[in-house]
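So you can see what is in the structure, the chains are spelled out below.
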Amino acid sequence: MQKHSFSGSLEDCVEQLRQQAVIAYPTEAVFGLGCDPDSESAVMALLALKQRPVEKGLILIAADYAQLERYISDRELTVEQRERMFAHWPGPVTFVVPATPQTPRWLTGRFDSLAIRVSDHPDVQALCRAFGKPLVSTSANLSGEEPCRTVEAVRAQFGEAFPVLVGNTGGRQNPSEIRDVLTGNLIRQG
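Description of the structure in this document. A quick note: this is a predicted structure, and the numbers were derived from the prediction, not measured.

The residue after W89, namely P90, is reached through a cis peptide bond having omega -10 degrees. Looking at where P90 falls in the secondary structure, it is placed in the loop between helix 3 (79–88) and strand 4 (93–98). The residue Q20 is not glycine, and still its phi comes out positive at about 70 degrees. Topologically, Q20 is positioned in the loop between helix 1 (10–18) and strand 1 (23–26).

This is how it looks when you write it as structure tokens:
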């Protein structure tokens, strides 16, 4: 079978995700690399592509909170902590929350928590809804390279045939802010 240029449609990207592939897609600030969070082989392929150690843990990005609930210990959150998250969502703020004991270590790394975000980016919303669950999300760039902000930049770094959802980023300059939901402390400035 001959390699050909990837179409970049939502349907093709969802099909790639179902086949355990890593894809690129636009987010609020940069293109993200994503895959099925329940597929160890897909996550390991993403980590290998990024040259990122599994111990660091990953972010899950979703269309709504319900998509994230099976990965997190919602019952450990107070009403105030939940309200703190919901006041920022959907939007470009990532929260670190307690993970369930069943959440795979390939997502949490060395932590008992998981970073999660409900995105307001229309392409992320459409992708997660069509796939039916959240995606792993990390910036689309090879080790040592700048994060990709355009489809052309993704193709330049990862190749013409790399599956990328054609679209535009949300125009933010900085990656998502990261906060600890339990303490409210800022982990990464957005």
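This paragraph deals with the nonpolar core. Note that soluble globular proteins tend to have their nonpolar side chains buried in a common cluster. By size, the foremost hydrophobic cluster in this structure holds 37 residues, and its most contacted members are M85 and I116. When contributions to this core are tallied by element, the ones reaching two or more residues are strand 2 (31–34), helix 2 (40–50), strand 3 (59–62), strand 4, helix 4 (105–108), strand 5 (113–118) and helix 6 (151–158). Discounting chain neighbours no more than four positions away, the residues touching M85 are Y65, L77, F95, V97, I116 and V181. With 13 residues, the next largest nonpolar core counts C13, Y25, L135 and L165 among its residues.

In this section: the pattern of salt bridges. Overall, the coordinates contain eight salt bridges when judged by the stated rule. Of the charged contacts in the structure, one is a salt bridge between D36 and K133, with a shortest N-O distance of 2.9 Å. Taken together, the residues span a long stretch of sequence, with D36 in the loop between strand 2 and helix 2 and K133 in the loop between helix 5 (122–131) and strand 6 (135–139) at a distance of 97 residues. Residue D36 shares its accessibility class with K133, and that shared class is buried. One salt bridge connects R82 with D74, and the closest N-O pair in it is separated by 2.9 Å. A network of salt bridges, in which partner residues are shared, links D36, D38, R70 and K133.

Within strand 5, six of the six residues are buried, which leaves it mostly tucked inside the rest of the structure. As paired strands, strand 3 and strand 5 are joined by four bridges and run parallel to one another. Bridging from a neighbouring strand, I59 pairs with A115 of strand 5. Note that strand 4 and strand 5 share four bridges and pair antiparallel. Bridging across to strand 5, V96 finds its partner in A115.

Definitions and limits used
- Residues numbered from 1 in each chain as written.
- Predicted model: local features only at pLDDT ≥ 70, side-chain atom pairs only at ≥ 80, totals over all residues.
- Heavy atoms only, no water.
- Helix = DSSP H or I, 4+ residues; strand = E, 2+ residues; numbered from the N terminus.
- Core = buried A, V, L, I, M, F, W, Y, C linked by side-chain atoms within 4.5 Å.
- Buried < 20%, exposed > 50% of the residue type's maximum accessible area, 1.4 Å probe, protein only.
- Contact = heavy atoms within 4.5 Å.
- Salt bridge = Lys/Arg side-chain N within 4 Å of Asp/Glu carboxyl O.
- Pairing = 2+ DSSP bridges.

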